[in-house]
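Now for the letters of each chain:
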There are 2 protein chains.
Amino acid sequence: MIYKRQNKNKININPIQAGGILTQDAKKTLIEWGDGYSVCDIWYSGKIDKIENPQIRKFIDEALPKFLGSDIVRIIGGAREGICAIMRAVTKPGDTILIDENKHYTTVLAAEKNDLKVIEVPNSGHPQYKIDVKDYEKLIKKHKPALILLTYPDGNYGNMPDAKKLGEIVSKYNIPYLLNAAYSAGRLPVSLSAINADFIVTSGHKSMASSEPIGILGFRKKWKDILFKKSSFYPDKEIEFLGHYQKGAPMMTLMASFPYVVKRVKNWEEQVEKARWFSAEMENLGFKQLGEKPHNHDLLFFESPQLYKISQKHKDGRFFLYKELKKNGIYGIKPGLTKYFKLSTFAASKQDLQKILKTFEEILRK
Amino acid sequence: MIYKRQNKNKININPIQAGGILTQDAKKTLIEWGDGYSVCDIWYSGKIDKIENPQIRKFIDEALPKFLGSDIVRIIGGAREGICAIMRAVTKPGDTILIDENKHYTTVLAAEKNDLKVIEVPNSGHPQYKIDVKDYEKLIKKHKPALILLTYPDGNYGNMPDAKKLGEIVSKYNIPYLLNAAYSAGRLPVSLSAINADFIVTSGHKSMASSEPIGILGFRKKWKDILFKKSSFYPDKEIEFLGHYQKGAPMMTLMASFPYVVKRVKNWEEQVEKARWFSAEMENLGFKQLGEKPHNHDLLFFESPQLYKISQKHKDGRFFLYKELKKNGIYGIKPGLTKYFKLSTFAASKQDLQKILKTFEEILRK
């Protein structure tokens, strides 16, 4: 049975999709490596990260550590799996960890899985919901957390807290610092060493133009034996991910897109400019952008009581917005939302965004 | 950067690849759904398993449970992740579990991750390495294990223990019974309810013609709340897999190949016949097949002292076999092996296998 995708060649402003759209090279690579265990065609040792053909070893040992400013990287299923593994490695059940209120929900699930108490650094509330990293310090003193986590940026408002300043603060306390870069690494330059963090987790399918599921866990080498304890029975195998390395099509698309991703992070300022311009235009239409202003990321959150008002009378109810946008070849705002919604300007060109603005204008006029 | 695959259109006898080769439909589906978060094009709720377009919900709620004889299924990263999750759910640290000596190494890693003691039911040793499931009973009585696991078949010898008889034995003791069907479900008919097991784990990329990583965890409904405890903070989200459902291209290729997989398991007897014929022909050439005889699976393990002898004098050393086979368009025996090797007859036609036999014959003659 062949499954076709409906939303081909449409304008995509879906926040969870915009950074994970495959490059042309990745598409061509994908079809080569689709079979299960494809990268094991020529496989000498039991170690996926030592495969030389295709050149996985070099990618993992050299290219990715350089890109993320980390000593070592592991390819994993996604950012959440990395967060959970780090928590397991550096905490004991019952420990307290300190995270930001804007965290992804999976941070809390990972803490629950590891029986950890969670203390949140609150955001500034409506309308900007900002995290001031200076607020970590008093909570560090009070709670002596076993781990500190910062979401950079969060997936709701796209707020970019000062990760580097938090690195300076944390360095005084000898507490491991984990940066959740699922929505940053692959879109903008992020360096573990520049930020002075211990761990970084990234998402290939969220921000590195890769097929899911794939992510990267980067870390300082001092954590290697703690994170990746070897089996007592299979001295070659690491326990945490059960001897598993993410590979196959996700791995090969990550590699195929990588040169393009390296290039695109250099153009991040243009992306920010585009997001700011779009936000301003949306505000001109009467929508209110929540989160940081001026904004520093392509993830944008809008409040739009006018659309909510329309939805209450419209024959399609709360799905009217989705349908109107669809009619105009635009998708990515969650069906059913009107009063609040988020979107990303990352994958859309300025021309696409102009079309979106025009569509919103027409919706409001009708 | 486009990465091409060298081993296209060659005869593939790689045991870890033979059951995971994509169908034509899966290839066409793969390219549609390669983008990160592709299945979230039209996404109303936060639940991937409720997506109706593409029709993921029906596949998970109806087609797969019927195929595996289970009440409920979850789509996961692979068999090992399922084993680890089940251990976590039904045991406490320090508990003892009972497994077969032929287990996959990841079973032991999962036990280590969960701080479990492992007792093994020994196999019969050289040359058949058979597991007699009757041997579980005395060890059940002695160790009172918290979980019983059977590998069906193992990935080394392709031995098929009597899973149904073990179900009868275990049912007397009220101990959960987990069947590792990574190399069976998708190749041959396997039914959790017929075997009277509690849990089954399968691998899409090993045996269901899917892009990796993907597997299925099937279980009786009484285990649902224990396996998939909800978060205290996000009542909709399950803790074990951190709210994650395997999706994207692996999911869509699993769905695309599924009608073909349903059909192919019905032809399992032909596969067994082909394996037995090939094994007999190899023995005629002087190789010795280890594992069960007559054999009941396409995974075959051979002992071949003659090839080892050649390798000691050959200019390519222990890599000579790999190179000779490669020259003849055959791959899948691990480079460097000569004295013992495993292969699978699953993906190769009888004509392909004839070519392999002829190649071996020539290698021995030279």
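Reading guide: rules and limits
- Residues numbered from 1 in each chain as written.
- Chains lettered and ligands numbered in written order.
- Predicted model: local features only at pLDDT ≥ 70, side-chain atom pairs only at ≥ 80, totals over all residues.
- Heavy atoms only, no water.
- Helix = DSSP H or I, 4+ residues; strand = E, 2+ residues; numbered from the N terminus.
- Rg over C-alpha atoms; globule rule 2.2 N^0.38 Å.
- Buried < 20%, exposed > 50% of the residue type's maximum accessible area, 1.4 Å probe, protein only.
- Contact = heavy atoms within 4.5 Å.
- Areas by Shrake-Rupley, 256 points an atom, 1.4 Å probe, with all protein chains shown as cover.
- Lys, Arg positive; Asp, Glu negative; His and termini not counted.
- Charge placed at Lys NZ, Arg CZ, Asp CG, Glu CD.
- Pairing = 2+ DSSP bridges.
- Axes fitted to C-alpha atoms, helices over the stretch in contact; angles between N-to-C directions.
- Core = buried A, V, L, I, M, F, W, Y, C linked by side-chain atoms within 4.5 Å.
- Least-squares fit on C-alpha atoms with pLDDT ≥ 70 in both.

1. Let's talk about the overall build of chain A
In terms of helices and strands, chain A carries 14 helices and twelve strands. Compactness check: chain A gives a C-alpha radius of gyration of 21 Å against a globular reference of 21 Å for 366 residues, within 12% of the reference. Judged by the C-alpha coordinates and their principal axes, chain A covers about 70 × 55 × 35 Å. Burial analysis of chain A (366 residues in total) assigns 63% to the buried set. Partitioning the contacts of chain A with sequence separation of at least 6, the portion at a separation of at least 24 is 67%. In the form shown here, chain A has an accessible surface area of approximately 14,400 Å², with 50% of it arising from carbon and sulfur atoms. Distance from the positive charge centre (59 side chains) to the negative charge centre (41 side chains) of chain A: 3 Å.

2. What to know about the sheet that holds strand β10 (residues 299-303) of chain B
What holds strands together in a sheet is hydrogen bonding between their backbones, with the strands either parallel or antiparallel. Residue and element names in this part refer to chain B. As summarised here, the arrangement of the three strands in space is β9-β10-β12, forming an open sheet in which the pairing is antiparallel. Since the sheet does not close on itself, it has two edges, and those belong to β9 (288-290) and β12 (340-344), each with one partner. Strand-to-strand twist of the sheet, defined as the mean angle between neighbouring strand axes without regard to direction, takes the value 35 degrees. Sheet topology note: the β10/β12 ladder contains five bridges and is antiparallel.

3. Side note on the nonpolar core
The tendency in soluble globular proteins is for nonpolar side chains to be buried as a group. Counting residues in hydrophobic clusters, the biggest one holds 132 residues, and the most contacted among them are A:Tyr136, A:Tyr177, B:Tyr136 and B:Tyr177. A per-element tally of this core places helix α10 (residues 248-266) of chain B first, with nine residues. With near-sequence residues (within four places) excluded, A:Tyr177 lies in contact with A:Ile148, A:Leu150, A:Ala163, A:Leu166, A:Gly167, A:Val170, A:Ile195, A:Asn196, A:Ala197, A:Asp198 and A:Phe199.

4. A short note on the relation of the copies chain B and chain A
Once chain B has been moved 0.0 Å along the axis and rotated by 180 degrees, it coincides with chain A to within an RMSD of 0.0 Å. Here the two chains are linked by the operation of a two-fold rotation axis. The position closest to the rotation axis in chain B is occupied by the C-alpha of B:Ile31, lying 3.2 Å away. With an isologous cut-off of 70% or more, the 100% of interface residues of chain B that recur at the interface of chain A puts this contact in the isologous class.

5. A closer look at the sheet that holds strand β9 (residues 288-290) of chain A
Residues and elements named next belong to chain A. Pairing in this open sheet of three strands is antiparallel, and the strands run β9-β10-β12 from one edge to the other. The two strands at the open ends of the sheet, each matched to only one other strand, are β9 and β12 (340-344). Averaged over all adjacent pairs, the angle separating strand axes in this sheet is 35 degrees, with direction ignored. For β9 and strand β10 (residues 299-303), the ladder comprises three bridges, and the chain directions are antiparallel. Paired with Leu290 across the two strands is Phe301, which belongs to β10. Strands in contact with helix α11 (residues 268-284) are β9, β10 and β12; relative to β10, the strand with the most contacts, it is inclined by about 10 degrees.

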